[in-house]
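What the coordinates show
So you can see what is in the structure, the chains are spelled out below.
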Amino acid sequence: MAAADIPVIDLAGDEKAVARQLVAAAEDHGFIYIKNLGNDIPAHAVDEAFTLSRKLFDTPLAEKQKCSIQTNNRGWSGMHTETLDPKHQRVGDFKEAFNFGEFIDGKAQQLVPSTVTADEPLFSAFADLCRKLCHKILYLLGLGLDVGEFFSSAHFTSPGASGTILRFLHYPPADSTAHAGDDVRAGAHSDYGSITLLFRLRGQAGLEILNKDGATWAPVPVCPPGTETDPSPPILVNIGDLLSYWTKGLFRSTVHRVVFPTDGTGGGGVTGESSAGPRYSIAYFCHPVGDTRLEAVPSERVKNYVSVSGTPDANPYAERQVMTADEHLFMRLKASYGTLYDDKAETPNA
């Protein structure tokens, strides 16, 4: 199985050239590697975040359950709580997660396990680094589309008023879970927001993206060729539904999943990586302010783009009626969490 062909971009280059590269990658791939040489998020900050992640998930179950996920999309979710591909999954995802909403003055605006209460400023500091990097990327994407600061200005300037989430994920070892041959650790899905930053650990396989043929999958290496000796693995950026919606499908919101080992050896299709053991990852889902209307951006490139409905890589949300960012997020969360959202009318920021 050939690895995914995803471009690696260094944001430290010429601004206009980087903007063009990002737009081309968003259009052709929907996934982008950002070289993490410490210019934006230092390697020690990523290492510290993964240390916090292990501490968070090592918390006793009863303590985590006190912080169970609510309809505002914040809190802890256990094994099988979330079903990212409800049409095709036999059971829910084989993972646990903890979602932090936006922090205000270094404090989480939600219940946090007592084991990590003292670490709230550290979680908040990492979220701030992620937020700044997202704004930088969004600004460059806007520059590449000749819409200036459209993505990075008023849509993202009200702390606490968006569905932005810092998510910590833990996938137990494959041999510790009773799963069938067609089960997956995380079901096939596209992300709901504008862009996602994904942090992974060296050697931990499992992530795959759907190829443009709409039928085959490609593994996504943690360290693509040329980045093996970087201080930290590249940050994987993927386009979410909202940017695809905003650009009438020009930017691809690529479907992806996390799988169990398939070859009997624990390998994940990439040399030096394994999906047999526990897997940890950290995702930062950047969302605009909840009442932002998802109208097409005023870009000539977007205006002249024609999405071919029904093709494997067509954005399924590009043709929907204009809605707000919160309405779109609520629609997607309701599909993933089932009964949690039954008969609920709240928006994710309530």
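Residues numbered from 1 in each chain as written. Predicted model: local features only at pLDDT ≥ 70, side-chain atom pairs only at ≥ 80, totals over all residues. Heavy atoms only, no water.

Counted only if it meets this: UniProt positions are given in the numbering used here, feature names are shortened, and annotations may be inferred rather than shown by experiment.
You'll find the chain entered in an unreviewed UniProt entry as Fe2OG dioxygenase domain-containing protein, with Tolypocladium paradoxum given as the organism. Of the comments in the UniProt record for the chain, the one headed Sequence similarities (unreviewed entry) reads "Belongs to the iron/ascorbate-dependent oxidoreductase family."

**A closer look at the nonpolar core**
Defined as follows: Nonpolar cores are built from buried Ala, Val, Leu, Ile, Met, Phe, Trp, Tyr and Cys residues. Side-chain atoms within 4.5 Å join them into one set. With a 1.4 Å probe rolled over the protein chains alone, any residue whose accessible area is under 20% of its type maximum counts as buried; one over 50% counts as exposed, and the rest are partly exposed. For the purposes of this entry, the term helix denotes a DSSP run of H or I that reaches at least four residues, the term strand denotes a run of E that reaches at least two, and both are numbered from the N terminus. Residue contacts are defined here by distance: any two heavy atoms, one from each residue, within 4.5 Å place the two residues in contact.
Core analysis: the largest hydrophobic core is formed by 64 residues, its most contacted members being Phe100, Phe126, Leu141, Ile195, Leu197 and Phe199. Take this core: its biggest share by element is 10 residues, from helix 4 (residues 120-144). Among residues more than four places away in sequence, those in contact with Phe100 are Leu56, Ala108, Gln110, Val112, Phe123, Thr164, Ile165, Leu166 and Phe168. If you look at the next biggest cluster of nonpolar residues, it comprises 24 residues, including Ala4, Leu198, Ile209 and Val220.

**Quick word on the confidence of the model for the chain**
What counts, and what does not: For every residue, the predictor states its confidence as a pLDDT score lying anywhere from 0 to 100.
Taken as a whole, the chain shows an average pLDDT of 87; of its residues, 89% reach a score of 70 or greater. Here helix 7 (residues 325-337) stands out as the least confident element of the chain, with mean pLDDT 82; helix 2 (residues 43-57) is the most confident, with 97.

**Details of the sheet that holds strand 2 (residues 31-34)**
In plain terms, the rule: Think of it this way: DSSP has to see at least two bridges between two strands before they count as a pair. Helix axes are fitted only over the stretch in contact, all axes being lines through C-alpha atoms; the angle between N-to-C directions runs from 0 to 180 degrees.
The 8 strands lie next to each other as 1-2-12-9-14-7-4-3, forming an open sheet whose pairing is mixed. Whereas interior strands pair on both sides, the edge strands pair on one side only; in this sheet they are strand 1 (8-9) and strand 3 (75-77). Summarising the sheet, strand 3 and strand 4 (residues 96-100) pair through 3 bridges and their orientation is antiparallel. Considered in strand 4, the bridge of Ser77 is made with Ala97. Of the strands in this sheet, strand 1, strand 2 and strand 12 (235-239) are in contact with helix 1 (residues 15-28), which crosses strand 2 at around 145°.

**Things to note about the sheet that holds strand 8 (residues 184-189)**
In spatial order, the strands read 8-13-10-11; together these 4 strands make up an open sheet with antiparallel pairing. Of all strands in the sheet, those bounded by a partner on one side alone are strand 8 and strand 11 (217-219). Here the average twist between neighbouring strands, direction ignored, is 25°. In the sheet, strand 10 (residues 207-210) pairs with strand 11 via 3 bridges, with the strands oriented antiparallel. Bridge pairing links Ile209 to Ala218 in strand 11.

**Looking at unusual backbone geometry**
Phi at His80 takes a positive value of approximately 70°, unusual for a residue other than glycine. On the secondary structure map, His80 appears in the loop between strand 3 and strand 4. Classification of His80 by relative accessible area gives partly exposed; the value is 37%. The backbone phi angle of Asp146 is positive, close to 60°, even though this residue is not glycine. Classification of Asp146 as exposed rests on a relative accessible area of 69%.

**Some thoughts on helix 2**
We count it as follows: In this scheme, a helix's expected span is set at 1.5 Å multiplied by one less than its residue total.
Taking 1.5 Å of rise per residue, the 15 residues of helix 2 would be expected to cover 21 Å, and the 22 Å separating its terminal C-alpha atoms lies within 8% of that figure. Residues of helix 2 that are buried: Ala43, Ala45, Val46, Ala49, Phe50, Leu52, Ser53, Leu56 and Phe57. Residues of helix 2 that are buried in the fold lie against helix 3 (61-65), strand 4, helix 4, strand 7 (165-171), strand 9 (195-200) and strand 14 (279-286).

**A short note on empty space enclosed by the protein**
What counts here: With a 1 Å grid laid over protein atoms only, a set of points is called a cavity when a 1.4 Å probe fits there but cannot get out and a pocket when it is open yet has protein on both sides within 12 Å along at least five of seven lines; lining residues have an atom within 4 Å of a point. Grid points are joined across faces, edges and corners, and a volume is the space filled by probe spheres set on the points. In the scheme used here, Gly and all other residues not listed as nonpolar or charged are polar, with Ala, Val, Leu, Ile, Met, Phe, Trp, Tyr, Cys and Pro taken as nonpolar and Asp, Glu, Lys and Arg as charged.
Inspection of every chain in the model, using the stated rule, returns 3 cavities of 30 Å³ or more. Empty space within the largest cavity amounts to approximately 380 Å³. What lines the largest cavity is a set of 30 residues, among which Arg167, His189, Asp191, Ala283 and Phe285 lie closest to the centre. Sorting the residues of the lining of the largest cavity by element identifies strand 7, strand 8, strand 9, strand 13 (256-259), strand 14 and helix 7 as the ones contributing at least two each. Residues of the lining of the largest cavity, tallied by class, amount to 14 nonpolar, 10 polar and 6 charged.

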